Amino acid sequence: MTSVTIRVLEGMEQGRVYSRLKLPVTIGREEENSVQLNDDHISRFHAKIQDHSGRVILTDLGSTNGTKVNGHWIQVRILQIGDVISVGRCVLLLSECQSDKIAVTPEEGDPFRTAYVKGGATVEDDSKHLDFVDPLPGSAQEPSALFPNGRPELPSKLSSLQQVQMSDLLSYLHERVGVVIKQAVENDESENGRVVQIEWEAWSKQIALMSDLSEYIKSLHSPE
C-alpha cells in the first residue's frame, strides 16, 4: 500500500497538511475528493494520484485550467518527493511517500513516462529515473547545521499587535519565496540530475529578500 503526504503551499488551504493519504487520491473542489481545495479555478475533480507498480502517477482529469508539475503543463507524470504541483491558484508539495513496493525505473516506451503539453502537441520527457528519496533538505527530519534541532519555534505570549506583526512578516516572506517556487521550471535536459531554473527577475527578488532578512536580523540584535 502506497501513501503520500501533500502540503498546501498556496491557496485558501495554505499551510494545511494532508498526511499519509492512501492511494488513489483525487484533487478537486468537491467534498468527495481526498484533497478538497476551495478555488473556482480548480475543476470539480481536477487530478488524480495513483500507484502503478510502486510508482506514483499524477494524471490531469481533463480539467478546465490544467495541471503543472515543476512549472511544466502535464497530462500524466511520475511524481517524486519534492515535486511542486500547481492546480488553479493552489500550489501543492509532495513532501513524503511511503510504499511497500520497490520503485521501478520506467522502460523505453513506458506509457507512464512524463507527457508534457507544448504548443498543443504532446512530447515525452527524456527522464526515466524515479526514486523515493529521503526527506527534503531543510525539513524537520533533516536539521540544518545552524539549527540542529530543526526549525525554530515561534515566540510565545505575544500581544495581539505582535501577533499581527508576526503574521504580516511571515506572510511577506512566504509571498517572496513563493515567487521563486511558482516561476521555477525543471530543466529536463540537464545531465546533472534534477535541475530547476528560474527567471532573472525572480532570482533578483530572492536576492532582495536576503537583503531584507539581513536588515531584520541586524535590527533585532541591536541594543536599541
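Residues numbered from 1 in each chain as written. Predicted model: local features only at pLDDT ≥ 70, side-chain atom pairs only at ≥ 80, totals over all residues. Heavy atoms only, no water.

### Description of the environment of Arg176
Our working definition: Runs of H or I in DSSP of at least four residues are treated as helices and runs of E of at least two as strands, each being numbered from the N terminus. Should any heavy atoms of two residues lie within 4.5 Å, those residues are counted as being in contact.
Inspection of the secondary structure puts Arg176 in helix α1 (residues 160-183). Taking the C-alpha atoms as reference points, Arg176 and Lys205, separated by 29 residues in sequence, lie 7.2 Å from one another. In this structure, Arg176 is in contact with Lys205, Gln206, Ala208, Leu209 and Asp212, ignoring residues within four places of it in sequence.

### Quick look at the side chain of Asp83
The condition is simple: Each residue gets one of three labels from its accessible area relative to the maximum for its type: buried under 20%, exposed over 50%, partly exposed in between, using a 1.4 Å probe on protein chains only. N or O atoms closer than or at 3.5 Å make up a polar contact, with two conditions inside protein: a donor-capable atom paired with an acceptor-capable one, and, for residues adjacent in sequence, both atoms drawn from side chains.
Turning to its location among the elements, Asp83 is positioned in the loop between β8 (72-78) and β9 (84-87). Given a relative accessible area of 0%, Asp83 falls into the buried group. One polar contact links Asp83 to Asn70, side chain to side chain, over a distance of 2.8 Å. Dropping the residues within four chain positions of it, Asp83 is found in contact with Val69, Asn70, Arg77, Ile78, Leu92, Leu93, Leu94 and Arg194.

### Regarding unusual backbone geometry
As a rule of thumb, non-glycine residues mostly have phi less than zero, and peptide bonds are mostly trans rather than cis. Here the amide bond leading from Leu23 into Pro24 is cis, since omega sits at 5°, within 30 degrees of zero. Following the sequence through the fold, Pro24 ends up in the loop between β2 (17-22) and β3 (25-28).

### A word on the side chain of Ser3
In this structure, Ser3 sits in strand β1 (residues 3-10). For Ser3, a relative accessible area of 10% puts it in the buried group. Contact partners of Ser3, with chain neighbours within four places excluded, come to Arg20, Leu21, Lys22, Glu96, Cys97 and Gln98.

### What to know about the packing of α1 against helix α2 (residues 200-220)
Defined as follows: To get an axis, fit a line to the C-alpha atoms, keeping to the stretch in contact for a helix; angles then go from 0 to 180 degrees between the N-to-C directions. Oblique is the label for every angle not falling under 35 degrees (roughly parallel), over 145 degrees (roughly antiparallel), or within 65 to 115 degrees (roughly perpendicular). Here a crossing is taken to be left-handed if its near helix is turned anticlockwise relative to the far helix by less than a right angle, and right-handed if that turn runs clockwise.
Running from N to C, α1 and α2 point in directions that differ by 155°, and their axes come no closer than 9 Å. Taken as axis vectors, α1 and α2 run roughly antiparallel relative to one another. The chirality of how α1 crosses α2 is left-handed. Contacts between α1 and α2 pair Leu169, Tyr172, Leu173, Arg176, Val177, Val179, Val180 and Gln183 from the former with Ala202, Lys205, Gln206, Ala208, Leu209, Asp212, Leu213 and Tyr216 from the latter.

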